[in-house]
Amino acid sequence: MDKNPNSEAIDEISESIPGTIDGISEPCFSFGVISDIQYADLEDGYNFLRTKMRYYRYSLRHLQGAIEEWNEESNHLFFVLQLGDIIDGFNAQYKASEESLKNVLKEFKKLRAPVHHTWGNHEFYNFSRHYLRNSKLNTKFLGDQIAHCPETIPSENYYAYHFVPFPKFRFILLDAYDLSVLGIDQSSPKYQDCMKMLKEKNPNKELNSPQGLSEPQFVQYNGGFSQDQLNWFNAVLTFSDTNQEKVMFLFTQTHLTVFALPGITEMLFQSFGLINVWCVFLLVTLMMVGTV
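Note that the structure is predicted; figures quoted are calculated from it, not measured.

## Re the overall build of the chain
(1) Moving on: Secondary structure summary: the chain contains 9 helices and 10 strands in total.
(2) Moving on: Within the structure as shown, the chain displays about 14700 Å² of accessible surface, and the carbon and sulfur contribution to it stands at 50%.

## A closer look at the packing of aromatic side chains
What characterises a pair of aromatic rings is the spacing of the ring centres plus the angle enclosed by the ring planes.
(1) Moving on: Counting across every chain of the model gives 24 aromatic pairs.
(2) Moving on: Ring geometry for Phe31 versus Phe79: centroids 5.0 Å apart, planes at 10 degrees, classification stacked. On the criterion of sequence distance, the pair formed by Phe31 in strand β1 (residues 27-34) and Phe79 in strand β4 (residues 77-82) is long-range, its members being 48 residues apart.
(3) Moving on: Relative accessible area serves as the criterion here: at 2%, Phe31 is assigned to the buried category.

## Regarding unusual backbone geometry
(1) Moving on: Of note in the backbone geometry, Asp36 takes a positive phi value of approximately 55 degrees without being a glycine.
(2) Moving on: In this fold, Asp36 is placed in the loop between β1 and β2 (45-46).
(3) Moving on: What makes Asp36 buried here is its relative accessible area of 14%.
(4) Moving on: One non-glycine residue with positive phi stands out, namely Gln244, at about 55 degrees.
(5) Moving on: Structurally, the position occupied by Gln244 is in the loop between α8 (227-242) and β8 (246-250).

## A few points about the pairing of strand β6 (residues 161-166)
(1) Moving on: Relative to strand β7 (residues 169-173), β6 is paired through 4 bridges, and the arrangement is antiparallel. Within the sheet, the bridge partner assigned to Phe166 lies in β7 and is Phe169.
(2) Moving on: Linking two consecutive strands that pair antiparallel, namely β6 and β7, is a turn of 2 residues; a positive phi of about 75 degrees is found at Lys168 within it.

## Some thoughts on the packing of helix α2 (residues 59-72) against helix α4 (residues 97-108)
(1) Moving on: Following both chains from N to C, one finds α2 and α4 inclined at 15 degrees, their axes separated by 9 Å at the closest point. It follows from the interaxial angle that α2 and α4 lie roughly parallel. Here the hand of the crossing between α2 and α4 comes out right-handed. Packed against α2, whose contacting residues are Leu60, Leu63, Gln64 and Ile67, the element α4 presents Asn103, Val104, Glu107 and Phe108 at the interface.
(2) Moving on: Grouping the amino acids of the contact of α2 with α4 by side-chain chemistry returns 5 nonpolar, 2 polar and 1 charged.

About the thresholds
- Residues numbered from 1 in each chain as written.
- Predicted model: local features only at pLDDT ≥ 70, side-chain atom pairs only at ≥ 80, totals over all residues.
- Heavy atoms only, no water.
- Helix = DSSP H or I, 4+ residues; strand = E, 2+ residues; numbered from the N terminus.
- Areas by Shrake-Rupley, 256 points an atom, 1.4 Å probe, with all protein chains shown as cover.
- Phe/Tyr/Trp six-rings, centres within 6.5 Å; stacked < 30°, edge-to-face > 60°.
- Buried < 20%, exposed > 50% of the residue type's maximum accessible area, 1.4 Å probe, protein only.
- Pairing = 2+ DSSP bridges.
- Axes fitted to C-alpha atoms, helices over the stretch in contact; angles between N-to-C directions.
- Parallel < 35°, antiparallel > 145°, perpendicular 65-115°, else oblique.
- Left-handed = near helix turned anticlockwise from the far one by under 90°.
- Contact = heavy atoms within 4.5 Å.
- Nonpolar A, V, L, I, M, F, W, Y, C, P; charged D, E, K, R; others polar.

So, in C-alpha coordinates, the structure goes:
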(Lines give C-alpha, C1' and ligand atoms only; values in the text may rest on other atoms or scores of the structure.)
Protein backbone atom coordinates (compact mmCIF):
# COMPACT_ATOMS: atom_id res chain seq x y z
CA MET A 1 0.00 0.00 0.00
CA ASP A 2 1.19 3.54 -0.75
CA LYS A 3 1.49 6.02 2.12
CA ASN A 4 -0.98 8.50 0.63
CA PRO A 5 -4.61 7.29 0.18
CA ASN A 6 -6.32 8.04 -3.11
CA SER A 7 -8.68 10.80 -2.03
CA GLU A 8 -10.01 11.31 -5.55
CA ALA A 9 -11.23 7.71 -5.65
CA ILE A 10 -12.98 8.22 -2.31
CA ASP A 11 -14.76 11.32 -3.61
CA GLU A 12 -15.73 9.58 -6.84
CA ILE A 13 -17.34 6.58 -5.16
CA SER A 14 -19.06 8.77 -2.56
CA GLU A 15 -20.60 10.94 -5.26
CA SER A 16 -21.84 7.87 -7.13
CA ILE A 17 -24.03 6.70 -4.22
CA PRO A 18 -27.59 8.02 -4.68
CA GLY A 19 -29.32 9.79 -1.84
CA THR A 20 -26.23 10.89 0.11
CA ILE A 21 -25.98 14.51 -1.03
CA ASP A 22 -26.98 17.34 1.34
CA GLY A 23 -28.47 14.92 3.85
CA ILE A 24 -31.37 13.92 1.62
CA SER A 25 -31.59 10.49 3.21
CA GLU A 26 -30.86 9.16 6.65
CA PRO A 27 -28.07 6.55 6.73
CA CYS A 28 -29.21 2.96 7.22
CA PHE A 29 -25.89 1.34 7.97
CA SER A 30 -22.15 1.93 7.79
CA PHE A 31 -19.35 -0.32 6.59
CA GLY A 32 -15.62 -0.10 5.96
CA VAL A 33 -13.60 -0.89 2.84
CA ILE A 34 -9.89 -1.62 2.60
CA SER A 35 -7.79 -3.08 -0.20
CA ASP A 36 -4.21 -3.81 -1.26
CA ILE A 37 -2.62 -3.94 2.18
CA GLN A 38 0.16 -6.01 0.55
CA TYR A 39 2.05 -6.44 3.78
CA ALA A 40 5.53 -7.97 3.91
CA ASP A 41 8.31 -7.75 6.47
CA LEU A 42 10.57 -6.11 3.88
CA GLU A 43 12.26 -2.80 3.15
CA ASP A 44 10.44 -0.35 0.87
CA GLY A 45 10.41 -1.23 -2.82
CA TYR A 46 8.63 -0.62 -6.11
CA ASN A 47 5.49 -2.02 -7.69
CA PHE A 48 5.63 -4.39 -10.68
CA LEU A 49 5.75 -1.54 -13.22
CA ARG A 50 8.27 0.36 -11.04
CA THR A 51 6.08 3.46 -11.10
CA LYS A 52 5.19 3.66 -7.38
CA MET A 53 6.94 3.06 -4.09
CA ARG A 54 5.63 0.24 -1.90
CA TYR A 55 5.92 0.56 1.87
CA TYR A 56 5.64 -3.09 2.83
CA ARG A 57 6.06 -2.81 6.60
CA TYR A 58 4.32 0.56 6.82
CA SER A 59 1.15 -0.93 5.31
CA LEU A 60 0.44 -2.62 8.63
CA ARG A 61 0.23 0.84 10.21
CA HIS A 62 -2.42 1.81 7.67
CA LEU A 63 -4.44 -1.23 8.67
CA GLN A 64 -3.98 -0.53 12.38
CA GLY A 65 -5.07 3.08 11.86
CA ALA A 66 -8.15 2.03 9.89
CA ILE A 67 -9.18 -0.50 12.54
CA GLU A 68 -8.71 2.03 15.33
CA GLU A 69 -10.87 4.55 13.48
CA TRP A 70 -13.56 1.98 12.66
CA ASN A 71 -13.71 0.84 16.29
CA GLU A 72 -14.11 4.45 17.43
CA GLU A 73 -16.95 5.20 14.99
CA SER A 74 -20.00 6.65 16.73
CA ASN A 75 -22.23 4.90 14.20
CA HIS A 76 -22.23 1.13 14.54
CA LEU A 77 -20.06 -0.44 11.84
CA PHE A 78 -21.92 -3.41 10.35
CA PHE A 79 -18.95 -5.03 8.57
CA VAL A 80 -15.69 -4.43 6.70
CA LEU A 81 -14.84 -5.46 3.13
CA GLN A 82 -11.25 -6.51 2.50
CA LEU A 83 -10.89 -6.45 -1.28
CA GLY A 84 -7.82 -8.59 -1.77
CA ASP A 85 -4.00 -8.53 -1.94
CA ILE A 86 -3.83 -8.73 1.83
CA ILE A 87 -0.11 -9.64 1.74
CA ASP A 88 2.46 -9.02 -0.98
CA GLY A 89 3.65 -11.64 -3.44
CA PHE A 90 7.26 -11.17 -2.33
CA ASN A 91 6.43 -13.17 0.81
CA ALA A 92 6.47 -16.37 -1.24
CA GLN A 93 10.09 -15.80 -2.30
CA TYR A 94 11.16 -15.52 1.34
CA LYS A 95 8.91 -18.37 2.53
CA ALA A 96 7.15 -15.91 4.79
CA SER A 97 3.60 -16.18 3.42
CA GLU A 98 1.97 -17.87 6.41
CA GLU A 99 3.78 -15.69 8.95
CA SER A 100 2.84 -12.47 7.13
CA LEU A 101 -0.78 -13.54 6.80
CA LYS A 102 -0.82 -14.39 10.49
CA ASN A 103 0.47 -10.88 11.34
CA VAL A 104 -2.22 -9.17 9.27
CA LEU A 105 -5.06 -11.35 10.55
CA LYS A 106 -3.88 -10.67 14.08
CA GLU A 107 -4.68 -6.99 13.48
CA PHE A 108 -8.09 -7.81 12.00
CA LYS A 109 -8.95 -9.68 15.23
CA LYS A 110 -8.99 -6.29 16.98
CA LEU A 111 -11.87 -5.16 14.76
CA ARG A 112 -15.30 -5.19 16.39
CA ALA A 113 -17.11 -5.91 13.13
CA PRO A 114 -17.01 -9.00 10.88
CA VAL A 115 -14.69 -8.95 7.85
CA HIS A 116 -15.54 -10.23 4.37
CA HIS A 117 -12.46 -11.20 2.35
CA THR A 118 -12.03 -11.34 -1.43
CA TRP A 119 -9.03 -12.89 -3.19
CA GLY A 120 -6.65 -11.10 -5.54
CA ASN A 121 -3.58 -12.09 -7.53
CA HIS A 122 -1.26 -11.66 -4.53
CA GLU A 123 -3.25 -14.24 -2.58
CA PHE A 124 -2.48 -16.70 -5.37
CA TYR A 125 1.20 -15.75 -5.52
CA ASN A 126 1.42 -16.93 -1.92
CA PHE A 127 -1.14 -19.72 -1.62
CA SER A 128 -2.94 -22.34 -3.64
CA ARG A 129 -6.71 -22.16 -4.08
CA HIS A 130 -6.98 -25.27 -1.90
CA TYR A 131 -5.07 -23.52 0.90
CA LEU A 132 -7.26 -20.41 0.67
CA ARG A 133 -10.46 -22.46 0.81
CA ASN A 134 -9.31 -23.84 4.16
CA SER A 135 -7.93 -20.59 5.54
CA LYS A 136 -9.39 -17.67 7.48
CA LEU A 137 -9.55 -15.75 4.20
CA ASN A 138 -12.53 -17.92 3.28
CA THR A 139 -15.53 -16.06 4.69
CA LYS A 140 -18.23 -17.91 2.79
CA PHE A 141 -19.74 -18.90 6.13
CA LEU A 142 -20.87 -15.26 6.45
CA GLY A 143 -23.03 -15.63 3.36
CA ASP A 144 -26.82 -15.78 3.39
CA GLN A 145 -29.09 -18.48 2.02
CA ILE A 146 -32.18 -17.56 0.01
CA ALA A 147 -34.98 -19.94 0.86
CA HIS A 148 -36.52 -21.86 -2.06
CA CYS A 149 -33.92 -20.49 -4.52
CA PRO A 150 -31.28 -23.21 -4.91
CA GLU A 151 -29.91 -21.48 -8.01
CA THR A 152 -28.60 -18.69 -5.75
CA ILE A 153 -26.37 -21.12 -3.81
CA PRO A 154 -22.79 -20.70 -5.10
CA SER A 155 -20.76 -23.68 -6.25
CA GLU A 156 -17.63 -24.80 -4.42
CA ASN A 157 -15.81 -24.47 -7.76
CA TYR A 158 -15.43 -20.71 -7.24
CA TYR A 159 -15.18 -18.42 -4.22
CA ALA A 160 -18.28 -16.24 -4.24
CA TYR A 161 -21.26 -15.55 -2.00
CA HIS A 162 -23.83 -12.91 -1.10
CA PHE A 163 -25.16 -11.44 2.15
CA VAL A 164 -27.76 -8.95 3.39
CA PRO A 165 -26.44 -6.64 6.14
CA PHE A 166 -29.61 -4.54 6.14
CA PRO A 167 -33.08 -5.15 4.66
CA LYS A 168 -33.22 -4.49 0.90
CA PHE A 169 -29.43 -4.26 0.53
CA ARG A 170 -27.54 -7.23 -0.91
CA PHE A 171 -23.76 -7.50 -1.28
CA ILE A 172 -22.22 -9.99 -3.70
CA LEU A 173 -18.58 -11.08 -3.53
CA LEU A 174 -17.23 -12.42 -6.83
CA ASP A 175 -14.25 -14.62 -7.66
CA ALA A 176 -12.31 -12.65 -10.28
CA TYR A 177 -9.72 -15.46 -10.51
CA ASP A 178 -12.24 -18.20 -11.16
CA LEU A 179 -10.52 -18.64 -14.54
CA SER A 180 -6.80 -18.12 -14.05
CA VAL A 181 -3.40 -19.79 -14.23
CA LEU A 182 -2.72 -18.64 -10.67
CA GLY A 183 -3.22 -20.79 -7.62
CA ILE A 184 -4.24 -24.05 -9.30
CA ASP A 185 -2.48 -27.31 -10.12
CA GLN A 186 -0.59 -26.96 -13.40
CA SER A 187 -1.58 -30.50 -14.34
CA SER A 188 -5.30 -29.74 -14.07
CA PRO A 189 -7.50 -29.34 -17.19
CA LYS A 190 -8.60 -25.91 -15.94
CA TYR A 191 -5.01 -24.67 -15.82
CA GLN A 192 -4.30 -26.07 -19.29
CA ASP A 193 -7.40 -24.40 -20.76
CA CYS A 194 -6.61 -21.04 -19.15
CA MET A 195 -2.97 -21.14 -20.23
CA LYS A 196 -3.99 -22.03 -23.78
CA MET A 197 -6.37 -19.07 -23.93
CA LEU A 198 -3.76 -16.77 -22.39
CA LYS A 199 -1.06 -17.70 -24.89
CA GLU A 200 -3.45 -17.37 -27.82
CA LYS A 201 -4.14 -13.79 -26.76
CA ASN A 202 -0.67 -12.91 -25.47
CA PRO A 203 2.33 -13.93 -27.66
CA ASN A 204 4.82 -12.13 -25.40
CA LYS A 205 7.55 -14.21 -23.81
CA GLU A 206 6.75 -12.45 -20.53
CA LEU A 207 3.06 -13.28 -20.00
CA ASN A 208 2.70 -10.52 -17.42
CA SER A 209 3.51 -7.94 -20.09
CA PRO A 210 0.65 -6.27 -22.03
CA GLN A 211 3.10 -4.76 -24.54
CA GLY A 212 1.66 -4.70 -28.05
CA LEU A 213 -1.61 -6.40 -27.08
CA SER A 214 -4.89 -5.21 -28.56
CA GLU A 215 -6.57 -6.75 -25.49
CA PRO A 216 -4.20 -5.79 -22.66
CA GLN A 217 -6.25 -7.62 -20.04
CA PHE A 218 -4.77 -10.94 -21.22
CA VAL A 219 -1.85 -11.07 -18.82
CA GLN A 220 -0.89 -13.74 -16.36
CA TYR A 221 -1.71 -11.73 -13.23
CA ASN A 222 -5.32 -11.23 -14.36
CA GLY A 223 -8.25 -13.60 -14.16
CA GLY A 224 -11.79 -14.06 -15.36
CA PHE A 225 -15.24 -15.42 -14.54
CA SER A 226 -16.51 -18.82 -15.60
CA GLN A 227 -19.93 -19.15 -17.17
CA ASP A 228 -20.97 -21.16 -14.11
CA GLN A 229 -20.22 -18.21 -11.82
CA LEU A 230 -21.90 -15.74 -14.19
CA ASN A 231 -25.05 -17.88 -14.23
CA TRP A 232 -25.09 -17.87 -10.43
CA PHE A 233 -24.48 -14.12 -10.38
CA ASN A 234 -27.37 -13.59 -12.76
CA ALA A 235 -29.65 -15.73 -10.56
CA VAL A 236 -28.83 -13.62 -7.49
CA LEU A 237 -29.38 -10.38 -9.43
CA THR A 238 -32.67 -11.68 -10.78
CA PHE A 239 -33.84 -12.45 -7.26
CA SER A 240 -32.74 -9.00 -6.07
CA ASP A 241 -34.48 -7.37 -9.02
CA THR A 242 -37.73 -9.16 -8.24
CA ASN A 243 -37.50 -8.13 -4.59
CA GLN A 244 -36.42 -4.55 -5.35
CA GLU A 245 -33.12 -4.80 -3.50
CA LYS A 246 -30.16 -2.49 -3.90
CA VAL A 247 -27.08 -4.49 -4.90
CA MET A 248 -23.37 -3.92 -4.55
CA PHE A 249 -20.98 -6.43 -6.06
CA LEU A 250 -17.30 -6.67 -5.24
CA PHE A 251 -14.14 -8.23 -6.60
CA THR A 252 -10.41 -7.60 -6.82
CA GLN A 253 -9.29 -5.59 -9.84
CA THR A 254 -5.74 -5.16 -11.10
CA HIS A 255 -4.21 -2.04 -12.65
CA LEU A 256 -5.66 -3.06 -16.00
CA THR A 257 -8.84 -5.10 -15.88
CA VAL A 258 -9.79 -8.47 -14.49
CA PHE A 259 -11.97 -9.48 -17.41
CA ALA A 260 -10.25 -12.27 -19.32
CA LEU A 261 -13.12 -13.56 -21.43
CA PRO A 262 -14.89 -11.96 -24.39
CA GLY A 263 -18.21 -10.39 -23.49
CA ILE A 264 -17.79 -10.55 -19.73
CA THR A 265 -17.23 -6.83 -19.29
CA GLU A 266 -20.57 -6.11 -20.89
CA MET A 267 -22.36 -8.83 -18.99
CA LEU A 268 -21.06 -7.82 -15.58
CA PHE A 269 -21.93 -4.19 -15.91
CA GLN A 270 -25.43 -4.60 -17.25
CA SER A 271 -27.96 -3.57 -14.64
CA PHE A 272 -30.20 -6.61 -15.22
CA GLY A 273 -33.16 -4.27 -14.74
CA LEU A 274 -31.92 -3.05 -11.36
CA ILE A 275 -32.11 0.65 -10.66
CA ASN A 276 -29.27 0.62 -8.16
CA VAL A 277 -26.30 -1.66 -8.77
CA TRP A 278 -22.94 -0.51 -7.48
CA CYS A 279 -19.54 -2.03 -8.11
CA VAL A 280 -16.61 -1.73 -5.72
CA PHE A 281 -13.01 -2.50 -6.65
CA LEU A 282 -11.27 0.26 -4.71
CA LEU A 283 -7.58 0.57 -3.92
CA VAL A 284 -8.22 2.88 -0.95
CA THR A 285 -9.40 2.80 2.65
CA LEU A 286 -12.72 4.43 3.47
CA MET A 287 -16.01 4.09 5.24
CA MET A 288 -19.20 3.95 3.20
CA VAL A 289 -22.77 4.56 4.27
CA GLY A 290 -25.74 2.72 2.81
CA THR A 291 -28.83 4.89 2.38
CA VAL A 292 -32.41 4.36 1.37
